[in-house]
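Coordinates in review
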Amino acid sequence: MSPLTRGNPGETHLMMGNEAIVRGALEAGISVAAGYPGTPSSEIIETLAKISDDIYTEWSVNEKVALEVAAAASFAGLRSLAVMKQPGVNVAADFLMHLALSGVRGGMVIVAADDPGALSSINEGETRLYAKLMEIPMLEPGNFQEAREMTCWAFELSETLNMPVLLRTVTRLSHASGRVTLGKLPIPDRKAFFRFDGDMLDPMEGPIMTPPVGIKHQSQQKKLQQAAKLFEESPFNTYEGPESPELLIITTSICDLYSKEVVALLGVKDRVGVLKLGTTWPLPAQPVLSRLATTRNVLFVEEVQPFIEEAVKVLAAGSQLDLSSLTFYGKYSRHIPMAGEMNPERVTAALSTILRLESGPVSPVSKNYPGTSLPPIPPREISFCPGCPHRASFFSINTVLQLDNRQGFTCGDIGCYSMGMLPGGFFTLKTLHSMGSGSGLASGFGKLDKFGMDQPVVAVCGDSTFFHSAMPPLVNAIHNRSAFTLVILDNSGTAMTGFQPHPGLPVDTKGNQAPPIDIERVCRAMGATTRTCDPFDLKATQKQLLEFINGKEENQGGVKVLILKQACALSPKKRHTQSFEVAVDPDRCIGEACGCNRICTRVFACPGLIWDAENNRATINDVLCAGCGVCASVCPQNAIQRKEFP
Amino acid sequence: MIALNHDPYNLIITGVGGQGNVISSRMIGNMLSARGFQVTIGETFGASQRGGAVMSHVRISSTTTLSPQIPEHQAHMVVSLEPMETLRVLESYGNPDVGVICNTRPTHPIGVISGRLSYPSMEEMEKTITRLSARSWFFDATAMATKIGDPIFANIIMAGALAGTGELPLDRNVFEETLKSKFPPNKVALNLEAYDKGYGMINRD
């Protein structure tokens with residue numbers, strides 16, 4: 001079994017940041033964990049579901065519900081964890097604001113995973129501002145060991161303060177791996193019971209609610225002051241460097257490792273000190289002010305927003321320090337870029353400029369290394385996998401909108417199918433925002449006929465996204481007589497994040513049987529006209545879609561829902577299976593001479609195909625082809641042939 | 001503990017999403033962590049799985065926890081599952097002393113499949129990679145893996161080849177133990193076969 005549940009105190013294991021967080025939560029003795037999948041946070045709930053039967057784990061329908069599920073456990077006296085990626089915090093924010101005010105009972109920790117650099121996101125959102133906005137304490141682990149230790153301590157802190165505690169991680173910590181020395185696993189002994197008959201203001205025995213707001217808000221402020229005091233003594237805030245450094249770096253999270261590494265690489269350890277903060281809200285005054293008093297130059301290294309930079313400046317302004325003797329460098333001075341993730345190069349550039357280093361920000365190697373003057377290397381655009389149903393779906397949506405010829409367009413949504421905006425998805429998506437917003441935008445576009453708009457409106461959403469947040473806008477559209485076609489790309493799982501189950505499937509988070517909620521029946525019950533097609537059947541899909549957007553169906557106008565159902569090619573049930581053996585008949589494929597504009601490779605462009613320029617014909621990449629056989633339907637010459645596997 | 005010939009030692013494993021980069025970097029990381037080294041593996045996954053260029057940074061030290069990103073031009077070894085990705089990595093992380101182990105089987109990006117861009121010839125790439133590195137090995141790990149039963153084994157063949165260079169204290173027994181803890185017995189045997197085949201591809205003189 002996993003060292004996460006088996007490992008003994010003192011043992012050291014190589015763990016992903018997210019696994020270290022899991023171990024920390026286990027060492028804190030959590031009973032309930034809930035979340036919604038989102039890179040880079042997904043492995044936390046996934047791992048807990050896999051390794052522990054003592055804990056109730058749940059992939060909730062969305063992040064707000066996950067937070068509520070976790071809060072209920074806390075109200076009943078248990079320790080609980082809510083996990084989400086940054087945009088999920090936006091979804092959960094409404095409840096979080098009230099939860100922060102009402103307080104919690106059993107230790108409750110919210111893990112928010114940010115994605116600086118938008119490595120797997122379509123925004124560069126920053127969770128830390130929520131700590132300030134919601135007035136709750138926040139911790140930021142700076143390495144793998146701290147990810148375990150801080151998670152575990154966060155529960156204790158939460159119980160000391162009766163407040164939810166935010167633990168902020170980032171992709172480069174959550175998805176990186178490092179060595180973690182384990183602590184002790186407790187024997188679970190908590191019983192769930194919700195006490196509500198005590199005094200209204202009794203945090204342990206009264207009802208849990210935000211009123212009376214005036215009193216509760218004051219007590220929240222007191223608790224924050226108590227947190228700040230505890231943080232002053234925290235071992236998670238550390239200083240490394242000379243007593244009076246020429247330059248003081250103030251940093252947090254994974255940026256601590258970049259800072260320390262670059263200071264060593266540039267050989268400036270005797271000139272630069274690094275103050276690493278692990279308890280970043282409320283900012284602990286004493287450790288910061290006492291360090292500021294020892295230097296004249298300060299550089300803030302953090303991602304994404306200048307959060308600590310602003311907090312330290314506010315702190316300094318209210319202190320006895322002589323501000324005229326201090327120079328601050330960071331995002332405001334543009335020594336650290338305002339956007340994008342941090343890396344050793346960015347820290348090197350800032351240090352080289354501030355310390356006026358002769359070497360400058362450019363690595364001495366790159367000056368003479370011929371590798372830096374290569375001819376351009378073709379970029380590797382991300383695209384749908386071979387055998388992906390989305391390629392076929394977007395091919396059909398695109399074909400139909402072109403046939404219809406009224407400049408119809410498609411509103412995008414969040415999932416693998418967001419790549420419908422790229423060449424691999426035929427540039428089909430024309431809007432792309434948050435979860436469920438494709439349907440909300442379509443609901444709005446669908447009312448603009450009053451102002452002369454006659455473009456057909458299509459929205460797409462995935463099966464998991466449908467449950468997460470596409471249902472309310474669909475209700476809105478139907479009730480308000482909007483007109484559009486919602487194409488639900490149902491690939492039987494939350495594919496992009498690793499096939500987590502959702503309420504439409506007959507299994508729960510742990511893989512046990514669960515009652516599935518039928519998407520088509522839900523849509524029909526709302527009042528939409530619905531059809532289901534197999535996206536691999538291009539003809540039937542296109543015919544149905546054309547009827548829907550032409551409004552020739554019964555119930556003209558209104559909201560139509562087309563469910564394109566076909567499992568993801570990488571899904572556990574499909575992976576390593578092929579429906580067809582696909583081959584190109586070299587006598588029938590006449591390449592550029594065909595007049596098909598090389599539709600299979602130039603247009604459809606499945607990575608399972610190869611364009612053999614030398615012989616002027618397409619071939620199949622045997623290693624990559626998933627055997628879906630759709631390219632055979634695309635080829636007008638019947639040159640691509642598929643043979644069913646017996 | 002055995003001394004590393006560079007401390008920190010910076011290894012990059014690169015390829016295309018779906019080639020098993022993550023498993024390979026974790027296997028190697030586990031083998032070194034089990035011997036007491038500080039290991040940090042930096043990688044990203046998510047969107048990058050979908051046919052994008054992927055890169056794992058494996059950083060090994062006997063003393064300190066390193067950041068998950070290797071500074072530019074500081075790689076000691078590049079293990080590459082796809083030839084064009086080797087060039088992409090060398091462009092940012094190469095230096096005159098770097099070593100390269102390269103799978104010669106190309107995976108064409110969408111731009112090449114559709115004909116907008118052209119894929120460099122293997123001959124040309126081998127010449128460039130040789131010029132950009134101090135030592136390099138080239139072989140078709142995908143063909144070897146297909147013979148074993150699945151092209152995915154190319155990632156383990158490359159790990160075996162890395163062990164074959166002798167640049168890192170990779171212990172086959174630790175590899176076997178790690179496999180046994182993660183895979184059923186039949187998979188263990190196939191992975192070991194892949195590892196040994198890769199090991200054998202390196203000419204040690």
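Residues numbered from 1 in each chain as written. Chains lettered and ligands numbered in written order. Predicted model: local features only at pLDDT ≥ 70, side-chain atom pairs only at ≥ 80, totals over all residues.

1. Comments concerning the overall build of chain B
Counting its secondary structure elements, chain B contains eight helices and six strands. Order of helices (α) and strands (β) in chain B, N terminus to C terminus: β-α-β-β-β-α-β-α-α-β-α-α-α-α. Radius of gyration (C-alpha) of chain B: 16 Å, near the 17 Å computed for a compact globule of 205 residues. Once the C-alpha set of chain B is aligned to its principal axes, its extents read approximately 50 × 40 × 40 Å. Within chain B, buried positions represent 59% of all 205 residues. Across chain B, every contact between residues at least 6 apart in sequence was considered, and the portion connecting residues at least 24 apart equals 69%. (Helix = DSSP H or I, 4+ residues; strand = E, 2+ residues; numbered from the N terminus. Rg over C-alpha atoms; globule rule 2.2 N^0.38 Å. Buried ≥ 20, exposed ≤ 12 C-beta atoms within 10 Å, placed from the backbone. Contact = placed C-beta atoms within 7 Å.)

2. Digging into the sheet that holds strand β14 (residues 327–329) of chain A
Residue and element names in this part refer to chain A. Across the sheet, which stays open at both edges, the five strands sit in the order β9-β11-β10-β13-β14 with mixed pairing between neighbours. In this open sheet, the two strands that pair with only one neighbour each are β9 (238–240) and β14. Each adjacent strand pair in this sheet contributes to an overall mean axis angle of 20 degrees, direction not counted. Taken together, the six bridges between strand β10 (residues 247–252) and strand β11 (residues 272–277) define a ladder with parallel strand orientation. Counterpart to Ile249 in the pairing with β11 is Val274. (Pairing = 2+ DSSP bridges. Axes fitted to C-alpha atoms, helices over the stretch in contact; angles between N-to-C directions.)

3. Re the interface of chain B and chain A
Accessible area lost upon the coming together of the parts serves often as the stated size of an interface. If you look at the interface, chain B gives 51 residues, while chain A gives 51 residues. Looking at the side of chain B that touches chain A, the elements with two or more residues in it are α1 (21–33), β2 (38–42), α2 (83–93), α3 (110–113) and α4 (122–132) of chain B. The residue makeup of the side of chain B that touches chain A, split by class, is 21 nonpolar, 23 polar and seven charged. (Nonpolar A, V, L, I, M, F, W, Y, C, P; charged D, E, K, R; others polar.)

4. Some thoughts on the sheet that holds strand β6 (residues 138–139) of chain A
Residues and elements named next belong to chain A. Ordered by their spatial adjacency, seven strands build an open sheet running β3-β2-β4-β5-β7-β6-β12, and the pairing between neighbours is mixed. Only two strands of the sheet have a single partner each, and these edge strands are β3 (56–59) and β12 (279–281). Strand direction decides the pairing type here: strand β2 (residues 32–35) and β3, joined by four bridges, are parallel. By the bridge assignment for β3, Gly35 is matched with Trp59.

5. Remarks on the confidence of the model for chain B
For chain B, the mean per-residue pLDDT works out to 92, and 96% of the residues sit at or above 70. For this predicted complex, the interface confidence score (ipTM) comes to 0.95, while the overall pTM stands at 0.96. (pLDDT = per-residue confidence, 0-100.)

6. Observations regarding the pairing of β2 of chain B
Residues and elements named next belong to chain B. Across the five residues that make up β2, a large majority, five, are buried. The two faces of β2 match: Gln38, Thr40 and Gly42 on one face and Val39 and Ile41 on the other face are all buried. Where β2 and strand β3 (residues 53–61) come together, five bridges link them in antiparallel fashion. Residue pairing across strands places Ile41 opposite Val58, the latter belonging to β3.

7. Considerations on unusual backbone geometry
Excluding glycine, most residues fall at negative phi; most peptide bonds, likewise, are trans. Residue and element names in this part refer to chain A. Here the residue pair Thr39 and Pro40 is connected by a cis peptide bond, since its omega of 5 degrees sits within 30 degrees of zero. Assignment of secondary structure puts Pro40 in the loop between β2 and α3 (43–51). The omega torsion of the bond from Glu303 to Val304 falls at 5 degrees, within 30 degrees of zero and hence cis. Summarising the element assignment, Val304 is placed in the loop between β13 (297–301) and α12 (307–317). The backbone of Gln407 shows a phi angle near 55 degrees, a positive value even though the residue is not glycine. By the element assignment, Gln407 lies in the loop between α15 (389–404) and β15 (409–411). Within the chain, Arg598 stands out as a residue other than glycine whose phi angle is a positive 50 degrees.

8. Quick look at the packing of helix α7 (residues 172–182) of chain B against helix α8 (residues 185–200) of chain B
The angle between the axes and the distance between the axes are what describe a pair of packed helices. All names here are of chain B. Packing of α7 against α8 leaves a shortest axis separation of 10 Å and a crossing angle of 150 degrees. Put simply, α7 runs roughly antiparallel to α8. Along this stretch, α7 crosses α8, giving a crossing that reads as right-handed. Residue-level contacts link Phe175, Glu176, Leu179 and Lys180 of α7 to Val188, Asn191, Leu192 and Tyr195 of α8. Among the residues forming the contact of α7 with α8, the class breakdown is five nonpolar, one polar and two charged. (Parallel < 35°, antiparallel > 145°, perpendicular 65-115°, else oblique. Left-handed = near helix turned anticlockwise from the far one by under 90°.)

9. Here we look at helix α17 (residues 463–479) of chain A
Residue and element names in this part refer to chain A. Of all the bends in α17, the largest measures some 65 degrees and sits at Ala470, one to four residues before the proline Pro472. Residues of α17 that are buried: Asp463, Ser464, Thr465, Phe466, Phe467, His468, Ser469, Ala470, Pro473, Leu474 and Ala477. Contacts from the buried residues of α17 go to α16 (437–445), β17 (457–462), β18 (484–490), α18 (519–526) and β20 (559–565). Once α17 finishes, Arg481 follows within two positions and takes phi at roughly 55 degrees, a positive value. (Bend = angle between axes of the 7 residues up to and from the residue.)

10. Some details on the environment of Asn512 of chain A
Residue and element names in this part refer to chain A. Positionally, Asn512 belongs in the loop between β18 and α18. A tally of 9 C-beta atoms within 10 Å means that Asn512 is categorised as exposed. The spacing of Asn512 and Glu581 is 69 residues in sequence and 34 Å in space, taken between C-alpha atoms.

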